[in-house]
Amino acid sequence: SQKLITTISASVTSNVAINLYEQNDSSKITTISKRNLDKLYSYALTFDAPIKFLNWWNLNINLIAFYNYYVSTSSGGNLHNGSPDIKLYMLHTFSLPKAFKAEVNTKYETPSFYGISNYKSIYSVDLGVGRSLFNKQATIRLAASDLFNTQQLQYTSTYQNLDLQAKDKVES
């Protein structure tokens, strides 16, 4: 049976730990350290939907829509910023002949604000194929993560005296 699962949540977190970039203007050196922001207000709506298109094709959709708002007057600055964000995950599973299965997993996240940084959207596609062995007692699997090499965080931070543009490539 196919069921849509919906979750609504809200939270207020005090002393939120983030990686905070700090810039020394005279030496031009930027350092990263763990710092606490005063509060994080978070509101979320989550949908999980398993869909069976055909006997051999299933899709599981996970959609998370949320709004995070950061407030801090500590850590040497004054921060009041937030943004909406949507994360979409889709897992396609295909049952193939001779106990083979194939999977296509896609991920997408809209542009968002975390801590003190504005992030560009990010997406990726993973593929996998596997086969059950010994009456489903074992599985052999071949997988490729981030098939198009797009799992790269791109962000900017303009907080206090910091003006930073960065790219972080997650190994995939």
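Above: the structure in question.
Not measured: the values here are computed from a predicted model. (Residues numbered from 1 in each chain as written. Predicted model: local features only at pLDDT ≥ 70, side-chain atom pairs only at ≥ 80, totals over all residues. Heavy atoms only, no water.)

Asker: An account of the environment of Lys87 is needed here, citing residue identities and associated values.
Answerer: Considering the arrangement of structural elements, one finds Lys87 in strand 4 (residues 79–95). C-alpha separation for the pair Lys87 and Leu63, spaced 24 residues apart in sequence, amounts to 5.8 Å. What Lys87 contacts, discounting residues up to four positions off in sequence, is Asn62, Leu63, Ile64, Phe66, Tyr108, Glu109 and Tyr114. (Helix = DSSP H or I, 4+ residues; strand = E, 2+ residues; numbered from the N terminus. Contact = heavy atoms within 4.5 Å.)

Asker: So, the sheet that holds strand 3 (residues 57–72): which residues are in play, and what are the values?
Answerer: Within a beta sheet, neighbouring strands are joined by backbone hydrogen bonds and run either parallel or antiparallel to one another. One open sheet holds the 7 strands; their spatial order is 1-2-3-4-5-8-9, and the pairing between them is antiparallel. Unpaired on one side and paired on the other, strand 1 (5–24) and strand 9 (138–144) mark the two borders of the sheet. Going from strand to strand, the sheet's axes swing by 20° on average, the running direction of each strand aside. Both strand 8 (residues 122–133) and strand 9 contribute to a ladder of 7 bridges, which runs antiparallel. The residue of strand 9 that forms the bridge with Arg131 is Ile140. (Pairing = 2+ DSSP bridges. Axes fitted to C-alpha atoms, helices over the stretch in contact; angles between N-to-C directions.)

Asker: Talk me through the sheet that holds strand 10 (residues 152–159); I want residue IDs and the actual numbers.
Answerer: An order of 6-7-10-11 is seen for the 4 strands of this open sheet, with the pairing classed as antiparallel. Either end of the sheet is taken by a strand with one partner, and the two such strands are strand 6 (112–114) and strand 11 (162–169). Put simply, the sheet's adjacent strands are angled 25° from each other on average, direction ignored. For strand 6 and strand 7 (residues 117–119), the ladder comprises 3 bridges, and the chain directions are antiparallel. Considered in strand 7, the bridge of Phe113 is made with Asn118.

Asker: Account for the nonpolar core, naming residues and giving values.
Answerer: Within the largest apolar cluster, 14 residues are counted, with the highest numbers of intra-cluster contacts made by Ile18, Tyr21, Tyr70, Leu79 and Ile116. Those elements that provide at least two residues to this core are strand 1, strand 2 (29–54), strand 10 and strand 11. Here the element with the most residues in this core is strand 1; it accounts for 4 residues. Not counting residues within four places of it along the chain, the set of residues in contact with Ile18 comprises Ser33, Lys34, Arg35, Leu37, Gly115 and Ile116. (Core = buried A, V, L, I, M, F, W, Y, C linked by side-chain atoms within 4.5 Å. Buried < 20%, exposed > 50% of the residue type's maximum accessible area, 1.4 Å probe, protein only.)

Asker: Outline the pattern of salt bridges, listing residues and values.
Answerer: Under the counting rule described, the total for this entry stands at 4 salt bridges. Lys169 is the salt-bridge partner of Asp146, the closest N and O atoms lying 3.3 Å from each other. A residue pair is termed long-range when its members are at least 10 positions apart, and Asp146 in the loop between strand 9 and strand 10 and Lys169 in strand 11 qualify at 23 residues. Judged by relative accessible area, Asp146 falls into the buried class, the value being 5%. (Salt bridge = Lys/Arg side-chain N within 4 Å of Asp/Glu carboxyl O.)

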